[in-house]
Amino acid sequence: MTERSARSASQRLEHAVGVVLRAGVTASSACLAVGVVWSLVTGESGVARLLLQTGIIVLLMTPVARVIVSIAQYVSDRDWPFAALTTIVLVELLASAVAALLFNKKL
Amino acid sequence: MMPAVTASLATIIFTAGVVSGSLGALLGLGGGVFLVPFLNLVLGFPFTAAAAISLTTVIATSSSVSAGRAGKQLINMKLGMLLEVATAGGSFLGGITAQLVAQSILQRLFGVVAAIVAVIMLTRLRRRNVILDPRADPGVLGGRYYEDESGTTVTYRVKRLPVAVTASFIAGNVSSLLGIGGGIIKVPILNAWCGIPLRAAAATSAFMIGVTATAGAVIYYGRGQLEPALAAVAVLGVQLGSWGGMRFGSAASVKWLKILMALVLFIVSAMMFARGGR
């Protein structure tokens, strides 16, 4: 891989990652802000609760989405070592979700 | 016991979020190192509830700060992705451990971590960034970025990779145990021992802590220890605060940042020991 193509690959990745992070933060912040205002105005309501839960879940999913996009970018650049490393990170994130489920079943 | 969610509590937490977010941005941290002690020591939240709220703000700060920086080559993506394997693994184990140990242990651990980092920062006040020949080869994991302040291109190679990996694992572990980003552990080590300039180390760490915090936050969330309404106001406050802090961050001197950071950490450490020792 030449210096030039290596650089443009890393710039494409930075751009893709930036787009995912910005979208996730904007969507979750919007849900959380509307949810907070809604619950202050109407009190405890199903809509407010749904908005807050959605905002939190979108926030938690944003780094996961960033990891998935990174894997896709490394695969399309045929950068196998980093595709593998980033896949390990995704597996670790999934392991956390599994651990949370197991804790709940037991306790 | 979790306090009931009221408008006044929401306002207090929002304000705490603004303060810790702006301090965090000035210091190159996620802000959790201030928010956790405030929620736990001042407001009396259970440590796990404080950590859960803080971790969600860490994710938000990491994501928005890194989105703003993407494209400036300050974030070392390859190094970040490599070290994330260690931080996420450490965070996963820390999140499980936090469910199994007593609050007083977590508080004393927080005190130890805060004091260690404060000492590291104070001993490194005069340290200069490593600036190599801009034509040098940064290697696979190194980086190159343009620094506005000095008007120079900074090029660096990563040294002692096993040290960086080990530090990242410990930082990830501490992150989800204590509800902080973990940057306070990684950044000094990456800077002092691994040859990474402070700004690149801070940007790369800020990029990584979103993934790190998620591995822990998912466990707290799944366990029902994350109150969405309180996390929401904390996240919004921290977002506002870090946006404000970022505007002054590049103008502030690194030396004074370090002194301020160390002082705050000593105070936090003493308070955590006082509470955890009871």
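Computed from a predicted model, the values in this text were never measured in an experiment.

1. Notes on the overall build of chain A
Looking only at helices and strands, chain A features three helices and zero strands. Listed by position from the N terminus, the elements making up chain A come as α-α-α. Expected size for 107 residues packed as a compact globule is a radius of gyration near 13 Å; at 18 Å, chain A overshoots this value by more than 25%. Taking the principal axes of its C-alpha atoms as reference, chain A extends roughly 60 × 35 × 10 Å. When the 107 residues of chain A are sorted by exposure, 36% land in the buried category. Restricting to contacts in chain A with at least 6 residues of sequence separation, those with at least 24 account for 49%.

2. A short note on the overall build of chain B
Scanning chain B for helices and strands turns up 10 helices and two strands. For chain B, the α and β elements follow one another from N to C terminus as α-α-α-α-α-β-β-α-α-α-α-α. With 278 residues in all, chain B has 59% of them scored as buried. Of the contacts made within chain B by residues no fewer than 6 positions apart, 81% connect residues no fewer than 24 positions apart.

3. Quick notes on unusual backbone geometry
Unlike most non-glycine residues, arginine 78 of chain A shows phi in positive territory, near 55°. Inspection of the secondary structure assignment puts arginine 78 of chain A in the loop between helix H2 (46-76) and helix H3 (80-106). Positive phi, normally seen in glycine, also occurs at arginine 160 of chain B, with a value near 50°. Taking the number of C-beta atoms within 10 Å as the measure of exposure, arginine 160 of chain B has 14 and is therefore partly exposed.

4. Brief notes about the interface of chain B and chain A
Contacts between the two partners involve 41 residues from chain B and, on the opposite side, 43 residues from chain A. Mapped by element, the contributors of at least two residues to the side of chain B that touches chain A are helix H3 (47-69), helix H4 (77-100), helix H8 (198-222) and helix H9 (228-249) of chain B. Among the elements that line the side of chain B that touches chain A, the one with the most residues is H4 of chain B, at 12 residues. Taken together, the residues of the side of chain B that touches chain A sort by class into 26 nonpolar, 12 polar and three charged.

5. Topic: helix H6 (residues 161-178) of chain B
Residues and elements named next belong to chain B. The end-to-end C-alpha distance of H6, which contains 18 residues, comes to 25 Å, matching closely the 26 Å that a straight helix rising 1.5 Å per residue would cover. Regarding H6, the residues found buried are Ala164, Ala167, Ser168, Phe169, Ala171, Gly172, Asn173, Val174, Ser175, Ser176, Leu177 and Leu178. Close packing links the buried residues of H6 with helix H2 (32-42), H3, H4, helix H5 (103-123), helix H7 (183-193) and H8. Phi turns positive one or two residues past the end of H6, at glycine 179, with a value near 80°.

6. Things to note about the confidence of the model for chain A
For chain A, mean pLDDT is 88; residues scoring 70 or higher make up 92% of the total. Ranking the elements of chain A by mean pLDDT puts helix H1 (residues 3-42) of chain A last, at 86, and H2 of chain A first, at 94.

7. What to know about the packing of H5 of chain B against H7 of chain B
Residues and elements named next belong to chain B. Look at H5 against H7: their axes get within 10 Å of each other, and the N-to-C directions meet at 30°. When the axes of H5 and H7 are compared, the pair comes out roughly parallel. For the pair H5 and H7, the crossing hand works out as left-handed. Residues Val117, Ile120 and Met121 of H5 touch H7, and the partners they reach there are Ile184, Ile185 and Pro188. Split into classes, the residues belonging to the contact of H5 with H7 amount to six nonpolar, no polar and no charged.

Conventions and cut-offs
Residues numbered from 1 in each chain as written. Chains lettered and ligands numbered in written order. Predicted model: local features only at pLDDT ≥ 70, side-chain atom pairs only at ≥ 80, totals over all residues. Helix = DSSP H or I, 4+ residues; strand = E, 2+ residues; numbered from the N terminus. Rg over C-alpha atoms; globule rule 2.2 N^0.38 Å. Buried ≥ 20, exposed ≤ 12 C-beta atoms within 10 Å, placed from the backbone. Contact = placed C-beta atoms within 7 Å. Nonpolar A, V, L, I, M, F, W, Y, C, P; charged D, E, K, R; others polar. Expected span 1.5 Å × (residues − 1). pLDDT = per-residue confidence, 0-100. Axes fitted to C-alpha atoms, helices over the stretch in contact; angles between N-to-C directions. Parallel < 35°, antiparallel > 145°, perpendicular 65-115°, else oblique. Left-handed = near helix turned anticlockwise from the far one by under 90°.

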